[in-house]
Amino acid sequence: MCKILVTDGMNKNAIDNLRKLNIDVEHKFYDGLELGEKLKDKDILVVRSKNIITKEIIDKACEGNTLKLIIRSGVGLDNIDVKYANEKGIKVLNTPNASTRSVAELTIGQIITLSRFINIANVTMREGQWNKKQYVGTEIFGKTLGIIGLGRIGKTVAKMAHALGMNIIYYDILGEMEGYEDYKFCSFEEVLKRADFLTIHIPLERGQGYLIGTKEFNMMKDRVYFINHARGGLVCEKALIKALDTGKIEAAALDVYEDEPNVNLELVNHPMVSTTPHLGASTVEAQERIGREIVKIIYNFLVEEKVIDDDMQIAL
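What you see is a predicted model, and the numbers here were worked out from it, not measured in a lab. (Residues numbered from 1 in each chain as written. Predicted model: local features only at pLDDT ≥ 70, side-chain atom pairs only at ≥ 80, totals over all residues. Heavy atoms only, no water.)

Moving on, we come to the overall build of the chain. Looking only at helices and strands, one finds 12 helices and 12 strands in the chain. A compact globule built from 316 residues should have a C-alpha radius of gyration of about 20 Å, and the chain, at 22 Å, falls within 12% of that. Dimensions along the principal axes, computed over C-alpha positions, put the chain at roughly 65 × 45 × 35 Å. The 316 residues of the chain split such that 50% are buried. Sequence separation of 24 or more characterises 61% of the internal contacts of the chain that already satisfy a separation of 6 or more. (Helix = DSSP H or I, 4+ residues; strand = E, 2+ residues; numbered from the N terminus. Rg over C-alpha atoms; globule rule 2.2 N^0.38 Å. Buried < 20%, exposed > 50% of the residue type's maximum accessible area, 1.4 Å probe, protein only. Contact = heavy atoms within 4.5 Å.)

As structure tokens, then:
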């Protein structure tokens, strides 16, 4: 019987479907070497962002010689040592499509939140303050949205923002995208210099340093609205705090942080920061899609490994 460990949450329907395939599913959080120990008799591991899958965990798991597949529930693989896992004969996959719309909608929501002081006005109203004159916002119609990374999420953000009347400029490492003539491709530096609102949608490559630090903030216009819903390690938080304090950045929205869940309290308590605890994929619909995608990945893997027969697909 195939044995799966799910450490950090999974849609109930997905777990039920896996069990219909006669799969033993353990749904419990473990971390560190304890996780490695628990993986000695498991065939598949499913994680989200809470676990960091290191060489040490992989080595401990490999003592059992059963682990064949690690699935990252969501976008990105930066919390898994993919190269080392592959060297040990373990395949690593993720679910890049399922959370696209949820992350994009959160981004649009934060663009509007920042432009109208919704986050801080909500706080001060609860404190009995009536700061009507202090919170004079700006319309997003006609403003320039700069997008770093025009992948699945970036494209969806661009489509929504363009429908709201924003002008879209973008930079992507792959260059100019065909079929997106309504948006203007620019160099990375040009996007930084021209954007009224700036949002990041690229993966994190550990060891590559910050994408946005003091130098990059200084390139931007004064009073830019900044959104990071990609990965915390892409942005230097100390430099962001300084940019907020000097007014270089008018306001920032963050869903990701350099050290999660031990976030920088100076940053998240800043009056011009709107924060959420990594909620990009936290919608009912996204979790259902992620669950279905995980089941499909596991099913296809087990068929390839000849663990189950293809005619069991009816259980999906």
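The subject of this paragraph is the environment of Glu-127. Within the secondary structure, Glu-127 sits in the loop between helix 6 (118–126) and strand 6 (144–148). By relative accessible area, which is 53% here, Glu-127 ends up exposed. When the C-alpha atoms of Glu-127 and Leu-174 are compared, they prove to be 48 Å apart, with 47 residues separating the residues in sequence. For Glu-127, the side chain forms a polar contact with the side chain of Gln-129, separated by 3.0 Å. (Polar contact = N/O pair within 3.5 Å; in protein donor to acceptor, adjacent residues only side chain to side chain.)

Once that is clear, we can look at helix 7 (residues 152–163). For helix 7, which comprises 12 residues, the first-to-last C-alpha distance of 17 Å matches the rise-based estimate of 16 Å (1.5 Å per residue) to within 8%. Among the residues of helix 7, those classed as buried are Ile-153, Gly-154, Thr-156, Val-157, Ala-158, Met-160 and Ala-161. Taken together, the buried residues of helix 7 touch helix 5 (100–115), strand 6, strand 7 (167–171) and strand 9 (197–200). (Expected span 1.5 Å × (residues − 1).)

With respect to the secondary-structure elements, Asp-255 resides in the loop between strand 11 (249–254) and helix 11 (265–268). Buried charge Asp-255 goes without a salt bridge, the closest partner of opposite sign being Arg-231 at 7.7 Å. Among the polar contacts made by the side chain of Asp-255, one reaches the side chain of Thr-276 at a distance of 2.6 Å. Residues contacting Asp-255, with those up to four places away along its chain left out, are Leu-106, Asn-228, His-229, Glu-260, Thr-276, Pro-277, His-278, Leu-279 and Gly-280. (Lys, Arg positive; Asp, Glu negative; His and termini not counted. Salt bridge = Lys/Arg side-chain N within 4 Å of Asp/Glu carboxyl O.)

Bringing a negative patch on the surface into the picture now. A surface patch of like charges, here negative, comprises Glu-176, Glu-178, Glu-181 and Asp-182. Of note, Glu-178 is situated in the loop between strand 7 and strand 8 (184–185). (Patch = residues over 30% accessible without salt bridge, like charges linked within 9 Å, V, L, I, M, F, W, Y side chains within 5 Å. Areas by Shrake-Rupley, 256 points an atom, 1.4 Å probe, with all protein chains shown as cover. Charge placed at Lys NZ, Arg CZ, Asp CG, Glu CD.)

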